[in-house]
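Topology and contacts: notes
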Amino acid sequence: MSDPFPTDPYVPAMERALDLAREAGEAGDVPVGAVLLDGSGEIVAADRNRREELKDPIAHAEMLVMSARARAVDDWRLLDHTLVVTLEPCVMCSGAAVWARLARIVYGAADPKAGGAWSLYNIPQDKRLNHRIEMVEGLLAEQSAALLSGFFARNR
């Protein structure tokens, strides 16, 4: 099947996130990579899952890039930023994205078991919260899903 987003402006960022996800898998962690783009589309933070390496339950790729950028700009508000991540963010990461006031989340593979951005919950667009985030789902989803299924086939 061909990529349904061949000219999407977020493809280069997702390709970088996929490279980071591969690194995470090689390091023994769930292969998830994330990049954060500023308002002009430049990558301003990039990381991968590091829960195993750091022995930290919140060392998800998304949390790491949001924290790194907040420290770099000395502000917890990341207005006009876009999170590009290989796997649908979990409840924790989706909540943090709302609190950080991100403009948009672009993700690859859906997470029907733990997805907090669409599959189980839609935290980024929940009208009961004080901020809503634009969502783009399924960008390079097949590549993201293949990394995850390969990892779990080898490790379970």
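Quick notes on the rules
- Per chain, residues are indexed from 1 in the order of the written sequence.
- A pLDDT threshold of at least 70 governs which residues receive local features in this predicted model, and a stricter bar of 80 or more applies before side-chain atom pairs are shown or counted, although totals over entire chains, interfaces and linings include all residues.
- Only hydrogens and water are set aside; all other atoms, that is, all heavy atoms of the structure, feed into the side-chain values.
- In this description, strands pair whenever DSSP reports at least two bridges between them.
- The numbering of helices and of strands both runs from the N terminus, where a helix is a DSSP run of H or I of at least 4 residues and a strand a run of E of at least 2.
- With axes taken as lines fitted to C-alpha atoms, and helix axes fitted only over the stretch in contact, angles between N-to-C directions fall between 0 and 180 degrees.
- We call two residues in contact whenever any of their non-hydrogen atoms come within 4.5 Å of each other.
- Take the buried Ala, Val, Leu, Ile, Met, Phe, Trp, Tyr and Cys residues and link them wherever side-chain atoms come within 4.5 Å; each set so joined is a nonpolar core.
- A simple rule labels every residue: compare its accessible area, found with a 1.4 Å probe on the protein chains alone, to the largest value its type can have, and call it buried under 20%, exposed over 50%, or partly exposed in between.
- In summary, the pairing rule links any two rings of Phe, Tyr or Trp, Trp by its six-membered ring, whose centres are within 6.5 Å, and it sorts them by plane angle into stacked for under 30 degrees, edge-to-face for over 60 and tilted for everything else.
- Each salt bridge in this description consists of a side-chain nitrogen of Lys or Arg and a carboxyl oxygen of Asp or Glu lying within 4 Å of one another.

Quick word on the sheet that holds strand 4 (residues 104-109)
The sheet built from 5 strands is open, its strands ordered 2-1-3-4-5 with mixed pairing. Where the open sheet ends on each side, the last strands, each with one partner, are strand 2 (43-48) and strand 5 (134-137). Across the sheet, the axes of successive neighbouring strands diverge by a mean angle of 15°, strand direction being ignored. In the sheet, strand 4 pairs with strand 5 via 4 bridges, with the strands oriented parallel. Directly across from Arg104, in strand 5, lies its bridge partner Glu134. In the packing of helix 1 (residues 11-26) onto the sheet, contacts are made with strand 1 (33-37), strand 2, strand 3 (82-87) and strand 4, and the angle to strand 1 comes to roughly 145°.

As for the nonpolar core
Core analysis: the biggest nonpolar cluster contains 29 residues, and Val32, Leu36, Met66, Leu83, Leu102 and Ile105 have the highest contact counts within it. Apart from the residues lying within four places of it in its own chain, the contact partners of Leu83 are Ala34, Val35, Leu36, Glu62, Val65, Leu102, Arg104, Ile105 and Val106. Counting 16 residues, the second-largest nonpolar core is a separate cluster that includes Ala13, Val35, Val136 and Leu147.

Details of the packing of aromatic side chains
Here the structure, examined in full by the defined rule, presents 1 aromatic pair. Where Phe151 meets Phe152, the ring centres are 5.2 Å apart and the plane angle is 80°; that geometry is what we call edge-to-face. Exposure remark for Phe151: the relative accessible area of 6% places this residue in the buried category. The partly exposed category is assigned to Phe152, whose relative accessible area is 26%.

Observations regarding the pattern of salt bridges
A full pass over the atoms with the stated rule returns 8 salt bridges. In this structure, Glu53 and Arg48 form a salt bridge, with 3.1 Å as the shortest nitrogen-oxygen distance. Residue classification places Glu53 among the partly exposed positions, given a relative accessible area of 47%. Between Glu134 and Arg104 there is a salt bridge, and its shortest N-O distance comes to 3.2 Å. Taken together, the residues Glu134 in strand 5 and Arg104 in strand 4 connect sequence positions 30 residues apart. One salt-bridge network, in which partners are shared between bridges, spans Asp47, Arg48, Arg50 and Glu53.

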